[in-house]
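Take a look at the letters that make up each chain.
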Amino acid sequence: FFIVALTSLFTIVSPFSTASVFLSITRGDSKQKKAYMARRASITATIVLIISALAGSYILSFFGITVNAFRIAGGIIITGIGWKMLKAEREYLKTGGEEKEAADKSDVSIIPLAIPLLSGPGAITTSIVLMGETSGLLEMLLVLFAIIIVCAISYIILLKADMVENYLGETGRRVLDILRGLIV
């Protein structure tokens, strides 16, 4: 169960793809500022996903949405993201005007990095569905631990984004997107 939770969250959070966006919107910033933004984005994404996992079913019931209906809707969203990844389309990362607006801002750690790139609709849906599939306290803790690990890995990847970008290149990123799309 832990491996399923970890791989599901990792493929949906997609830190390698976020690293490309991170590089483009932090171009010209100091290493200290980039490290601060990577840390803040990762911590914020962790908080958003943990709150979603813990409170998601209560929020759904408040609005009268059943977990099964949410699974269907979430499955449609995740299938759409996976299909675009499989076709190597970069538009699943588009954040509307947020990336353009982020270029004008000094701190992009919350929007667009933490939300919607690291903890977007797909990641939130996945965390809620995973928590809904737990059958005890141990599995609940494993989902929370998987969220923490994925966000910690995301932090490391964002810190090393320059190195990742140089190593993978455009072709490597596309291949990773296609592989993640298959997994999703």
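Participant: Help me understand the side chain of T125, please; the structure alone is not making it clear to me.
Facilitator: Positionally, T125 belongs in helix α7 (residues 121–132). For T125, a relative accessible area of 4% gives the class buried. Excluding residues within four positions of it along the chain, T125 makes contact with F70, G74 and I78.

Participant: Looking at this structure, how should I read the packing of aromatic side chains?
Facilitator: Think of a pair of aromatic rings as described by two things: how far the centres are apart, and how the planes are tilted against each other in angle. Scanning the model with the defined rule gives 3 aromatic pairs in all. Their ring planes at 80° and their centres at 6.2 Å tell us that F10 and F16 sit as a pair that is edge-to-face. Since its relative accessible area comes to 21%, F10 is described here as partly exposed. On the numbers, 5.1 Å between centres and 85° between planes, the contact of F62 with F63 is edge-to-face. The class for F63 is exposed, based on a relative accessible area of 59%.

Participant: Where do I start with the environment of T44 in this structure?
Facilitator: Looking at the element boundaries, T44 is found in helix α3 (residues 31–62). Classification of T44 by relative accessible area gives buried; the value is 17%. Separated by 74 residues in sequence, T44 and L118 place their C-alpha atoms 9.1 Å apart. In this structure, T44 is in contact with I110 and A114, ignoring residues within four places of it in sequence.

What counts as what
- Residues numbered from 1 in each chain as written.
- Predicted model: local features only at pLDDT ≥ 70, side-chain atom pairs only at ≥ 80, totals over all residues.
- Heavy atoms only, no water.
- Helix = DSSP H or I, 4+ residues; strand = E, 2+ residues; numbered from the N terminus.
- Buried < 20%, exposed > 50% of the residue type's maximum accessible area, 1.4 Å probe, protein only.
- Contact = heavy atoms within 4.5 Å.
- Phe/Tyr/Trp six-rings, centres within 6.5 Å; stacked < 30°, edge-to-face > 60°.

Geometry only, nothing functional implied.
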